[in-house]
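One letter stands for each residue in the lines below.
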Amino acid sequence: MTHGQDGRIDAVVVGAGLAGLTAARELVRDSHSVTVLEARDRVGGRTLDHRLADGEQVDLGGQWIGPTQDRVNDLVEEFDLDTVPQFDEGLDQVSIDGTVNEHDDALRALPAKAYAELMDAFGQIETLRTQIPLHAPYDAPDAEEWDATTVDSWKRATLETTTARGAFDALFRALFTTDPSEISLLYFLTYVHAAGGIEVITGVEGGAQERRIEGGAQQVSRLLATELGEAVQLEAPVRAITQDDSGVTVESDAGAYTGAYVIVAIPPALAGRIAYDPPLPARRDALTQRMPMGATIKCIATYEDPFWRTDGYSGFVLTNDDIVGFIFDDMDAESTTGALVGFIVSNEARTWSERDASDRRERVLDDFARYFGGQAANPVEYTEQVWSNEAWSAGCYAGNMTPGTMTGYGDVLREPQGRIHWAGTETATQWCGYMDGAIRSGERAAAEVSSRLT
Ligand SMILES: Cc1cc2nc3c(=O)[nH]c(=O)nc-3n(C[C@H](O)[C@H](O)[C@H](O)COP(=O)(O)OP(=O)(O)OC[C@H]3O[C@@H](n4cnc5c(N)ncnc54)[C@H](O)[C@@H]3O)c2cc1C
């Protein structure tokens, strides 16, 4: 831990993910003393590197970065890390309601009418999202109406064919790891707007899935933590936060820490599990009860070679037919090893998180084989991460707002409560839900606290 001149910590940070570590780094740069309390025995939170038997490094958590994600790109450059483009050559496969279609531009694989409907819906999303002020989405002209509408109701009113609806569901689940019936249209539009549009959020080249960090995304957090040194305390789950006029006391399993301020840099749903004294205002508490985490199981199978490339496939699949909702080729263009990464998402992920690991593996590999042939059922290695079973994530990729939440409680998302400030990707106004948003949120929270300390 680093101490201020009077022996007191200026700020305690809860959570050593990208948000918490960035906040701590910014505070230290402003000459403030900081302690970061992390529940796990590692840093990086929703990013997690995994080394395969052959030495290749893959991501079991957050993976892709892209243009306009300036903060994460800056850190990658600053730490001298390399990035590799997502492999994207050959035929994509889209399987909706039992029919598999192929095209080198995934959505164009859909039947013409379904594709046209979907493109029209995308156009509407683009028109609507630009009416939303990102710092105050609840002030959008139609905020009340959009927040009372689920994405599913909007889809039913907008898309006619079952194929277009099925494709929209598959795409939505891939992006939000939750079902369209669970979140509001206002939140959906805000999230898309915060990323710069529907093309950006769904895209590979020029989009959110453009590149990955060679060696794994968790490296960024490890490098930040190395810089912070002893200020980062692992295996220190925070259970309670008490505040009064003089400061805060943060009680963790590794002991109690006293500081002037605290930055809680964890998802709202987990922030709601900390005991606060005095209790948080009802509207802040209500918010944390209305941002459930999505659900993902990330599954990676490796092969001696990327045989699907030889067969003319890119490795990309989008489907509403299987437990795996989407698949990507997980190696770069030059790699001689083959790897497929599949995501079980939303309710399938919640259901399958309770199943036996060997049943899950068999079912996932069956799904892979459906698209890439029997060879895909016999990997050299298989690994997975069940994010819903992680106590200190409780799901992934992020917490999403249910209907009525943004207009009812959205104004308290970033509002400090006394000496408590809030960070985490869910609080970002740009690239909310992404690694970039996490970093931005940490910078914002650090600036808030810094301005109170000086
Ligand atoms: C499978 C998967 C795929 C993803 N894909 C992408 C992608 O391709 N691109 C992208 O940009 N993003 C992606 N994301 C999202 C991205 O990983 C997150 O947005 C980002 O890492 C969140 O950072 P954070 O610091 O806000 O939160 P977290 O990473 O969740 O950090 C919070 C930290 O707080 C700790 N913690 C929780 N509760 C407590 C407590 N009570 N006391 C102490 N510590 C606590 C946790 O252990 C954790 O380390 C993905 C996530 C997952 C899981």
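Thresholds, definitions, all that
One numbering rule holds for all chains: residues counted from 1, following each sequence as written. Thresholds applied to this predicted model are a pLDDT of at least 70 for local features of residues and 80 or more for the giving and counting of side-chain atom pairs; totals over whole chains, interfaces and linings are not thresholded and use all residues. Side-chain metrics in this entry use all non-hydrogen atoms of the structure; hydrogen atoms and water are not considered. It suffices for a single heavy atom of a residue to lie within 4 Å of a molecule or strand for the residue to be listed as near it. Whenever a nitrogen or oxygen atom comes within 3.5 Å of another N or O atom, the pair is scored as a polar contact, on the condition that within protein one atom can donate a hydrogen and the other can accept it, and that pairs from neighbouring residues in sequence are kept only if both atoms are in side chains. Where accessible areas are quoted, they stem from the Shrake-Rupley method and a 1.4 Å probe; at the residue level, only the protein chains shown are allowed to cover. Secondary structure elements follow DSSP: runs of H or I no shorter than four residues count as helices, runs of E no shorter than two count as strands, and numbering proceeds from the N terminus. The rule is simple: take the accessible area with a 1.4 Å probe, protein chains only, and divide by the maximum for that residue type; under 20% is buried, over 50% is exposed, in between is partly exposed. All the domain ranges listed were derived from an automatic or database domain assignment. Pairs of residues are marked as contacts when any of their non-hydrogen atoms sit within 4.5 Å. Note: buried area is the sum, over both parts, of the accessible area (probe 1.4 Å) each one loses when the two are combined. Note on residue classes: Ala, Val, Leu, Ile, Met, Phe, Trp, Tyr, Cys and Pro are nonpolar, Asp, Glu, Lys and Arg are charged, and everything else, Gly too, is polar.

Enquirer: Help me understand the site of the ligand in this model?
Expert: The ligand sits among 36 residues. The nearest are E38, R46, W64, C396 and M435. At a separation of 3.1 Å, an oxygen atom of the ligand approaches a polar backbone atom of L18. In isolation the ligand has 1,000 Å² of accessible area, and contact with the protein removes 98% of it. Elements represented by at least two residues in the shell around the ligand include exactly α1 (18–29) and α16 (435–453).

Enquirer: Looking at this model, I keep getting lost on the side chain of R440. Mind explaining?
Expert: Note that R440 resides in helix α16. Its relative accessible area of 12% is what places R440 among the buried residues.

Enquirer: Would you take a moment to explain the domain arrangement of the chain for this structure?
Expert: By a widely used convention, the size of an interface equals the accessible area lost when the partners come together. Partitioning the chain into domains gives domain 1 (9–45 + 217–292 + 401–453) and domain 2 (112–202). Computed from C-alpha coordinates alone, the two centres of domain 1 and domain 2 are separated by 29 Å. Residue-level contacts link 17 residues of domain 1 with 19 residues of domain 2. Both sides of the domain 1 and domain 2 interface together cover about 1,500 Å² of buried area, and 62% of this is carbon and sulfur. The largest per-residue losses of area from domain 1 upon contact with domain 2 belong to M406, T407 and T429, which jointly make up 36% of the total buried on that side. Taken together, the links from domain 1 to domain 2 amount to six residue pairs in polar contact (both at pLDDT 80 or more). Class assignment of the residues belonging to the side of domain 1 that touches domain 2 gives a composition of six nonpolar, nine polar and two charged.

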